[in-house]
Amino acid sequence: MSDDPIVQMTGIRKDFTGVRALDGVDFTLRPGEIHAVMGENGAGKSTLIKVLTGVHNPDAGDILLDGKPVRFHSPGAAQAAGISTVYQEVNLTDNLSVAENLFAGREPRVGPFINFRAMRRKAKALLDDIGIDLNVAAPLSSYSIAMQQLVAIARAVDIESKVLILDEPTSSLDRDEVAVLLGVMRRLAAKGTAMVFISHFLEQVYDISDRMTVLRNGKLVGEWATADLPENDLIGHMLGREAATLEQIERAAAAHHVADEEPLVTATGLGRKGSIAPYDLTVRRGEVVGLAGLLGSGRTETIRLIAGADRADSGSLHFDGESTASRMGGHNPRTAAARGIAFCPENRKTEGLVGDLTVAENMILAMQAARGWARSIPVARRDKLVAEFIEKLDIRPANPDMPVKNLSGGNQQKVLLARWMLIEPKLLILDEPTRGIDVGAKADIQKLVAELSADGMAVLFVSAELDEVTRLSDRIAVLRDRELIAVLESEADMTTEKIVDTIVAKGGDR
Amino acid sequence: MNAYAKRLMWPVLILLALIVVNIVATGIDFIVPSVNDGRLGGAFVNILRRSAPLLLIALGMTLVIATKGIDLSVGAVYAIGAAIACQMIIDAPDQSAAGLIFTAVAVALLVTAVIGAWNGTMVAYFGIQPIVATLILMIAGRGIAQLITGGQIPKVEDSSPFTQLGRGEILTIPLPIWIAALVFTAIALLTRKTALGMLLESVGGNPEASRLAGIRSKGITVLVYLVCGLCAGLAGLIGAANLGSADANNGGLWIELDAILAVVIGGTALLGGRFYLLGTTIGVVIIGTLEDTIINVGLSSQWQFTAKAIVVFAVALLQSPEFRGWILKPFKPKPEVSAPAPAEEVPAK
Amino acid sequence: MTTETLTERPARSTLFDGLTKYIPIGATVVLLVVMYLGGIANFRNFDSPQVLAGLFIDYAPLLVIAIGMTFVILSGGIDLSVGSVMAFSTMACAWLTVDAGVSAPLAMVLVLAFGTVWGLLIGAVIHYFNVQPFIATLVGLFLFRGLTLQISDTDVSMREVDFWQWGMTHVEFGGKVRDGGFWLPYLSFIAFAVVIIAFVVLHYTRFGRGVYAVGGSEQSALLMGLPVARTKIGVYAISGFCAALAGVLAAFATKSANPLANIGAELDAIAAVVIGGTLLTGGAGFVLGTVAGVMVWGLLNTLIAFHGGLSSWWARIVMGVLLLAFILLQRFLARSGEKRRT
Amino acid sequence: SDDGGSEGGGDDGSLVIGFAQVGAESAWRTANSKSIQDAAEAAGHELKFNDAQQDQEKQIEAVRGFINQQVDVIVLAPVVETGWTDVLQEAEDAGIPVVLADRGVEAADEDLYVTRLGSDFAEEGRKAGAWAAETFADDADGTKILELQGTTGSAPANDRKAGFFEVLDAEGLNYEIVDSQSGNFTAEEGKAVMETFITTHGLDGIDLLYAHNDEMGLGAIQAIEEAGKVPGTDIQIIIVDGSTAGFQAGVDGKLNYIVECNPAFGPQLMEVLESVVAGDEVEKFTPVEEGVFDATQFEAELPNRQF
Ligand SMILES: Nc1ncnc2c1ncn2[C@@H]1O[C@H](COP(=O)(O)OP(=O)(O)OP(=O)(O)O)[C@@H](O)[C@H]1O
Ligand SMILES: Nc1ncnc2c1ncn2[C@@H]1O[C@H](COP(=O)(O)OP(=O)(O)OP(=O)(O)O)[C@@H](O)[C@H]1O
Ligand SMILES: [Mg+2]
Ligand SMILES: [Mg+2]
């Protein structure tokens, strides 16, 4: 490993209106190393990447590539100079096919014309290589976020470059995909590619990275060799406080008073053709039901029916003793909210937030919708509620009048959570609520879920992290192949392996 | 509020510039109101009075645009509103009967509201793109108006009180200005004192997220188009009353473009989301003043289009931060920045 | 578990996924055929091949601007200046060749270059200064109408310049019209050439796919490293060129320039593009859809003309109703197509 | 009337007529369309009517449509003068005679149509000019004129302006054009422009308002009244067209001179068409009968108005 840095950034400063996202940050990347950039939500990690790759212009500081000063004016220029990047939110064009996304801008050509056949063949080979099997001619929009994320990674990996940057590539991936990805990264590192890796999964970071740079509030905290920085110290550096204060979420077995209660939600034979096979599921007050399954197993579809986001075409749904007549369209997001069902969708950018509205407006949206347009929430009450939740969920910056699109991913997720907690729902449905959230915030959210359920709220939640599911759930519904195959009671000895076994075993049955 | 003021700064400056040009060309009388026959007049007041129909339409258009829509049919709806009222009045034996005038106005407004709701239904429930949905009525609407008038231009007697809608005054202020001010206030209250404004911006900003948040986005969309149709109908009534006649073919011709222009000059983006009623109003006055400016500085009719293009281009560019940055680059020192939030300020958990 | 079974296969066949995007254009084509057959059943001489050929004579300029508009709309923009640019181009042709004595081929090249440069300019303003396309091009709509009127406020004939005779030279197919044949002028072939080139560029070049990518999500296209600036400015340049070319075609078609020509042509073009299945939000649509859209637009007019019994206002109302029926049907077909998919 | 069993249109002497009308942009035009439609029906002919909405391309398309339909005769009211050569040639090749109505086409295409029936806009302008020159001949300090033009670039606007000033110059009238703007032939804009004229120039000393059509003139009259002046007295007014409303204003003393532009030439047109199809010799230009009216004649003429 040569010691001449391939990328060197010094004194980087970046200001957005009202926020200093980066303040004198230095960053050094050496050939063949995997370098993790760590920090809380909003610490400035993504901004650092964007400054490096020409998305943002730094307000101060220098960037050297191979010892020569550079200043890219667009990601295209950075890519041409040998830096390929997977940005945080999946940034592909989902109206185009998978193959086109993989090769956009570098399609195989015959003369000036694109050779679609060659492109599809290469795309197929490329995806096979990282172990996914998609119809490469289908539009990208027909695949889930996770699939799209894999496609984005495949694209970046295939642009054989000196530097590969992955900004939270694993946020919606399952452990197996993660394993494949890490394998690919090791292979590239061996070939001398330098990599920047950003992730909130400390496990993965420790598994793969050689060095770490830690940011906090836009400032550099320091750079360490991974081996020299114990996990607790890392968390301390990231959060700026002692790691000891981060209590682990106990599955406070508390064996909540759930067992004897009437079910709050009873789905009988609920299903939707082509998306999820009819299933039975009950959730009781104060109970947390987790959904586990592989990517595309239909977890999202399952909960969307209960949330009223999609219309079921078979079965029935009873909520709080009342039939929701789901097939007749009597069950939709509005009536669901009125009944006390809150739904945080998995794609916060397209389905969750209204980017141009402020943090405060996004928070009160559901509450306002429930009251109808004529009865505006009084300003004083609104300000009080918003301030309360900003503090409770530690949303940063704590500015209720900021457009929500300017918040970091993790903070956006919290805004979305706040929106639904405001209506004090009886059932809270969370689809991947901790995706892209830092350790601290994740602990906060998990704690919140535990507290809410202890207070008697029913929670249905989906997470790609089986650990999280096992830790939080009272019962676990396991899906495979768009079918609910088992509901496991979460005993004290519940492990992720048991879930995986269930999936594999049932799969083998067929 | 600050951002709001900033939005309005450039349109206001352009408007002031236009007013100054007019004052230089025709003297201070341009801006000073005079009283004629107990009615406020003078060049600028006349501009305001004549802008009333455009303002009404532009206000409705602002709401539609906030939902990421657009309404091309307003010009045709204007003609329909005017045609219905005038035709009903001239068909009656006594054109001055108060009951008749009231019914004619009510019927015209009702029909235009229904037309607006129809547009909204096409957009919200049939999922047709707004430009296309409203294009249909843009094409057919003038035909309907002509059908109502039989291709003629019905002329209401000057003595009919109906004409007061366009020519009358209350407390010396011309009635059209009152009506426009009233509608402005009503819409401002409706959107800002209730939650309608925020819900509109939400539907315009992200329809799917709004639906999942439980907002009745379809109902809101229909309502907004309905209001827009109603505004266009009211504008048609004022226009017809001012002239005492309804020209199905030319009444409000291309007013949709001017209305959209006014909305955008006022700072509302065509991509939906945030809307600015006050900005729209300033945009309307700019357009109204511009037309007079051309005459006042002695340019020929051929210049109407060119001058409009130049002013619109100036507003569009001045509103663009990128343009301002580019043009000011040579003069600008290092950008000043707000103080960074010190890391210590973060509350410990 | 091996890596092969990492993710689950979708439950349904994905064959249809690739076909969904063809539903709108398929619906358009089916309805086009229905309209044509309806015309034949109801009107004498409607079956003459010249009726169809006539669409490509009278609508050649509209076809060309609609093709340019397709690029712009696919990229997520809109171009309202095309009608005025077209009128200005025709007027400029007349002015250059009749008054300024420039040789006609040179005048044509100048006009085409002007259209392209205007497009580049307005594209740059839209991209670099972030001015909304609707407004930037609305400026063009007013500006060029004004400039056209300033060149001449009456119509100008350019019949004395031989060059302009070329465009309407007839090419006969299958004999005379009364013997069941039809004819097309050279200018129709120019329009066909534009269609073919546009088709190839849009569907088979990197630039063309970039247009779709930018229309799908400009932000993503930028982050994928695509040349967004070049693409966005490029589509307006193409549209400007097409508008200028349409102006030249109009010069060929009438050998005269009229300062009030093509008012509202931009709306006709947008309507044709949208009827052809292209989404105004960008990222989805086809060149051939636009061709079908222009044909629908033309055929609706032809049907009304053949009927001939409608007063001015009924003609407008019927046009609106036909358009409505068409759009609702298209919507219905597309929806049921989507349903079948799931 | 869909399939038109009009194949042998000539059998009973009834014709299939294709009529490419300019549009329906004014009451005058609507009256014109109605006159022709009524006359065709009265004469037992089948009229294929097409409204081009003031767009030449649409009109050319309509004429091609008539050729494809193989009508017996085509009536064209051209929206502009130039650009008709090819399509008129196509009609000739198809053996269909073309008659122009209302407006004309450029002289070079004279061989391609049989005859033109219509008004002469320049002549209308000259008529207006003649009256003005006579009325203000003794105006020592120069005649101050305001002009409300029709749609910028349209033939009636250009010709009515040109004819008017041609005569004023020829008669050597000492005049000054205080302002001249387009009111787009509509009352709405006529009124708005007049209001601006009034605030900019005042009305004192202005002698004459020349409006290119009724609607603009009537709009201007309102503006003058609202400014507290007496139209027709404080300022003399000439309008072109002569609709019922225009004459009514004349009777009320609000304007001083009307140059008629007669839309009701349907019956006259039918006669011309019949003789054209019959192969009779017809003159190249058949003028529509049109008069001029001054204050003494308004009252008597009012009942004769048809639109
Ligand atoms: N376009 C923008 N306009 C204004 N502020 C912005 C913008 N983009 C980012 N910020 C702000 O900059 C800060 C850093 O954001 P950044 O996205 O870099 O955080 P991050 O470390 O990547 O966080 P996460 O882990 O949540 O992705 C945040 O406070 C964010 O609100
Ligand atoms: N392997 C795959 N092949 C094809 N399509 C897939 C695959 N995985 C997911 N999809 C598509 O992605 C969409 C979303 O999948 P879905 O949300 O049901 O999965 P999920 O279990 O919720 O997974 P996630 O962990 O992404 O939430 C579905 O429409 C499905 O068709
Ligand atoms: Mg980030
Ligand atoms: Mg999911």
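Residues numbered from 1 in each chain as written. Chains lettered and ligands numbered in written order. Predicted model: local features only at pLDDT ≥ 70, side-chain atom pairs only at ≥ 80, totals over all residues. Heavy atoms only, no water.

- By the naming in an unreviewed UniProt entry, chain C is Sugar ABC transporter permease YjfF, taken from Glycomyces tritici.
- Of the comments in the UniProt record for chain C, the one headed Subcellular location (unreviewed entry) reads "Cell membrane". (UniProt positions renumbered as here; feature names shortened; annotations may be inferred.)

- Per an unreviewed UniProt entry, chain B goes by the name ABC transporter permease and belongs to Glycomyces tritici.

Focus: empty space enclosed by the protein
- In this structure the tally under the stated criterion is 14 cavities of 30 Å³ or more.
- Contributions of two or more residues to the lining of the second largest cavity are made by helix 3 (49–58), helix 11 (228–254) and strand 4 (256–257) of chain C together with helix 2 (56–69) and helix 3 (85–93) of chain D.
- Per element, the largest residue contribution to the lining of the second largest cavity is four residues, and it comes from helix 2 of chain D.
- Residue composition of the lining of the second largest cavity, by class: 11 nonpolar, eight polar and five charged. (1 Å grid on protein atoms, 1.4 Å probe; cavity = no way out; pocket = protein on both sides within 12 Å on 5 of 7 lines; lining within 4 Å. Points joined across faces, edges and corners; volume = space filled by probe spheres on them. Helix = DSSP H or I, 4+ residues; strand = E, 2+ residues; numbered from the N terminus. Nonpolar A, V, L, I, M, F, W, Y, C, P; charged D, E, K, R; others polar.)

Structural notes on the coordination of the magnesium ion (ligand 3)
Residue and element names in this part refer to chain A.
- Within the first shell, the magnesium ion (ligand 3) binds the protein through S46 (OG) and Q88 (OE1), at distances of 1.9 to 2.0 Å. On the criterion of sequence distance, the pair formed by S46 in helix 1 (residues 45–52) and Q88 in the loop between strand 6 (83–86) and helix 3 (98–103) is long-range, its members being 42 residues apart. Comparing S46 with Q88 shows no difference in burial state: the two are buried. (Donors = N, O, S within 2.8 Å, 3.2 Å for Na, K, Ca; no water. Buried < 20%, exposed > 50% of the residue type's maximum accessible area, 1.4 Å probe, protein only.)

Side note on the packing of aromatic side chains
- With the rule as written, the count across this model stands at 31 aromatic pairs over all chains.
- Ring centres of F189(C) and F192(C) lie 6.0 Å apart, and the angle between their planes is 75°; this geometry places the pair in the edge-to-face category. Remark: F192(C) and F189(C) occur in helix 8 (residues 186–204); sequence separation between them is three residues, near one turn of the helix.
- Judged by centre distance (3.9 Å) and plane angle (20°), the rings of F164(D) and Y210(D) are stacked. Taken together, the residues span a long stretch of sequence, with F164(D) in helix 5 (residues 155–170) and Y210(D) in strand 8 (residues 208–211) at a distance of 46 residues. Each member of the pair F164(D) and Y210(D) is classed as buried. (Phe/Tyr/Trp six-rings, centres within 6.5 Å; stacked < 30°, edge-to-face > 60°.)

Thoughts on the pattern of salt bridges
- Following the criterion strictly, the structure yields 61 salt bridges over all chains and no others.
- With a shortest N-O distance of 3.4 Å, E166(D) and R126(D) are connected by a salt bridge. Residue E166(D) is found in helix 5, and its partner R126(D) is found in helix 4 (residues 121–135); the two are separated by 40 residues along the sequence.
- The class for E166(D) is partly exposed, based on a relative accessible area of 42%.
- For E301(D), the salt bridge is made with R305(D), and the minimal N-O distance between the two is 2.8 Å. R305(D) shares its class with E301(D); the two are buried.
- One network of salt bridges, with partners in common, ties together D158(B), R167(B), K191(D), E225(D), E226(D) and K254(D). (Salt bridge = Lys/Arg side-chain N within 4 Å of Asp/Glu carboxyl O.)

Description of the UniProt feature "transmembrane region" (unreviewed entry) in chain C
All names here are of chain C.
- In this numbering, the UniProt entry assigns the feature "transmembrane region" (unreviewed entry) to residues 22–43, 55–74, 80–98, 105–129, 183–202, 233–254, 260–280 and 313–334.
- With 85% helix and 15% strand, the stretch residues 183–202 has end C-alpha atoms that lie 29 Å from each other.
- In the segment residues 233–254, helix accounts for 100% and strand for 0%; the C-alpha atoms at its two ends are 32 Å apart.

A word on the UniProt feature "transmembrane region" (unreviewed entry) in chain B
Residue and element names in this part refer to chain B.
- Listed under "transmembrane region" (unreviewed entry) in the UniProt record, and renumbered for this structure, are residues 12–35, 47–65, 72–90, 96–118, 130–150, 170–190, 220–241 and 253–272.
- End C-alpha to end C-alpha, residues 12–35 measures 26 Å, and it is 62% helix and 8% strand.
- The annotated region residues 96–118 carries 91% helix and 0% strand content, and the separation between its end C-alpha atoms amounts to 33 Å.

Considerations on the nonpolar core
- Judged by nonpolar contacts, the single largest core of 332 residues is most densely connected at M363(A), F162(B) and I270(C).
- By size, the runner-up hydrophobic cluster in this structure holds 66 residues, among which are I17(D), W28(D), I36(D) and A62(D). (Core = buried A, V, L, I, M, F, W, Y, C linked by side-chain atoms within 4.5 Å.)

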